Amino acid sequence: MKQVFTGIAELYTPRQRLERAAFAVQDGRFVWVGAEGSLPEEYRGWPRTDLSGRSEGPSAPGGRRYLGVVPGIVDAHTHLVYGGDRLGEYLKRARGESYEAILAAGGGIYSTVRATALASEEELYELAAARAALFLAQGVTSLEVKSGYGLLPEAELKMLRVIRRLGETLPQRVFPTLLAHVVPKGWEREKYVAMFTAELIPEVARSGLAEAVDVFCDQGAFTLEETRRILEAALSHGLKIKLHAEQIAHTGATKLAAELGALSADHLEQSTPGDWQALAKSGTVGTILPGAAVILRKPFPDARAMWDAGVRVAIATDHNPGSSPLYSPWLGMQLTLSLGRLSAEEALIAHTEHAALALGRTDLGRIEVGAMADFVVVDSTYALEPLYRWGNTPIDSVYIEGEKAKD
Ligand code: NIG
Ligand code: FE
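Only a predicted model underlies this, so the values are computations on that prediction, with no experimental measurement involved. Throughout, a residue's number is its position along its own chain's written sequence, starting from 1. Here every chain gets a letter starting at A, and every ligand a number starting at 1, in the order they are written. For this predicted model, a pLDDT threshold of at least 70 governs which residues receive local features, and a threshold of 80 or more governs which side-chain atom pairs are given and counted, while totals over whole chains, interfaces and linings are taken from all residues.

Novice: I keep staring at the pairing of strand β13 (residues 264-267) and nothing clicks. Help me out?
Specialist: Where a strand is regular, its side chains alternate between the two sheet faces. Strands are labelled as partners when DSSP assigns at least two bridges between them. A helix here means a DSSP run of H or I that spans at least four residues, while a strand means a run of E at least two residues long, and both kinds are numbered starting from the N terminus. One ladder, built from four bridges, connects strand β12 (residues 240-245) with β13; its direction is parallel. In the sheet register, Lys 242 faces β13, and the bridge partner there is Ser 264. Pairing of β13 with strand β14 (residues 285-288) involves four bridges; the strand directions are parallel. By the bridge assignment, His 267 is partnered in β14 with Ile 288.

Novice: Even after reading the chapter, I still don't get the environment of Pro 273, so can you show me in this structure?
Specialist: Mapped onto the fold, Pro 273 is located in helix α9 (residues 273-282). Once the C-alpha coordinates of Pro 273 and Arg 297 are considered, the two residues, 24 residues apart in sequence, prove to be 21 Å apart.

Novice: Sorry, what's going on with the sheet that holds strand β10 (residues 173-180) here?
Specialist: Paired through their backbone hydrogen bonds, the strands of a sheet run either parallel or antiparallel. Taken together, the eight strands give an open sheet; going across it, the order is β8-β9-β10-β11-β12-β13-β14-β15, and neighbouring strands pair in parallel fashion. The strands lining the two open edges of the sheet, one partner per strand, are β8 (73-75) and β15 (313-315). Pairwise comparison of adjacent strand axes, ignoring direction, gives a mean angle of 25° for this sheet. Contact definition: two residues whose C-beta atoms, as placed from backbone geometry, lie within 7 Å. Axes, fitted as lines to C-alpha atoms, cover a helix only where it is in contact. Angles between the N-to-C directions of the axes lie from 0 to 180 degrees. Taken strand by strand, helix α8 (residues 253-260) contacts β12 and β13, and its axis lies near 165° from that of β12.

Novice: Even after reading the chapter, I still don't get the site of ligand 1, so can you show me in this structure?
Specialist: The immediate surroundings of ligand 1 are formed by 14 residues, with Ile 109, Ala 292, Asn 320, Gly 322 and Ser 323 found nearest. Classifying every residue of the shell around ligand 1 gives four nonpolar, nine polar and one charged. Near, as applied to residues and a molecule or strand, means the residue's backbone-placed C-beta atom lies within 6 Å of it. In this classification, Asp, Glu, Lys and Arg are treated as charged, Ala, Val, Leu, Ile, Met, Phe, Trp, Tyr, Cys and Pro as nonpolar, and every other residue, Gly included, as polar.

Next comes the structure, spelled out in structure tokens:
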């Protein structure tokens, strides 16, 4: 499949801004990117897709308007598969009850575990696929999806099978992660960690049901010691690792992530300059989850200081029914502009190029030769307009590997 795309007013690669741009795509990858006027001879005969949209307003009645284009948005941290909802908990928290106290009392994550156990694989698939469609409409072309609401081995495998089916059927690219979330009720901690490391991780590695293992290392979840054991088991089975780090309490998880060469350390609400130095040194991505920070009323991570310290800062939705019922990567970027003091251009890099690094990929979240041709056509001449319009995201269409995935 060969195609040239034109009609682009403004393009963010995301590191570079090009005006009146064009690109050529072959077999799902970008093979040329540049100014429309300098399209090389060899691509001139290829089939063309004009991305420009119908003009609105009196300035060009009936004419066509060139549009903005940005890379496909990468969401490198989601809990997209779950049963039930946590609206009741959300209302309680809004009245001042703490997330930690609700979890300690057997609610929170445990209530989603119960609701997820009641749902069939088919139901979980349908619910998650419907959520993924909403993400696609927002321009999300790749997403990581974690297990973690099963806890028991068979229930975790059930979630991972649902995630595998999402990957087989959705237009988006799906990255499956096994998550050690909390110790199930009625289990002794030591027994659970032993089962997780000696049975579940080997089984998941054998069956290829996950690419990575993540641990919720925090107060009320796993200790630093337990986390290390789980991550080392994952590494020894050839799986990649990630961490939920420094969300509720400061545990040292970020430094552990850096030490073990994790793809990313996520959350970071309680992280310190020492943690950022460790991330910068190891190259481990620091992923900010604006939904969870703001919704749980935690300190917003200092994205500006992290970026300036040399951390590869990413942004993700952390979509889940408890701490972050967030469906919009754009809102996450907007919150990071205002509360984390990134520039709009940096926020876009954080949700594209850097987010892809958090999945171990250098060929996603970029419009450059060799990268997968995933991109978002913005319903505006200005490519960054979705960052400007809060709650009214102007998206025209979304392409994955050069094919229109959403009109
Ligand atoms: O990333 N922090 C732990 N895990 C999720 C929340 C899960 C939940 O509350 O259901 C998170 O915030
Ligand atoms: Fe999470």
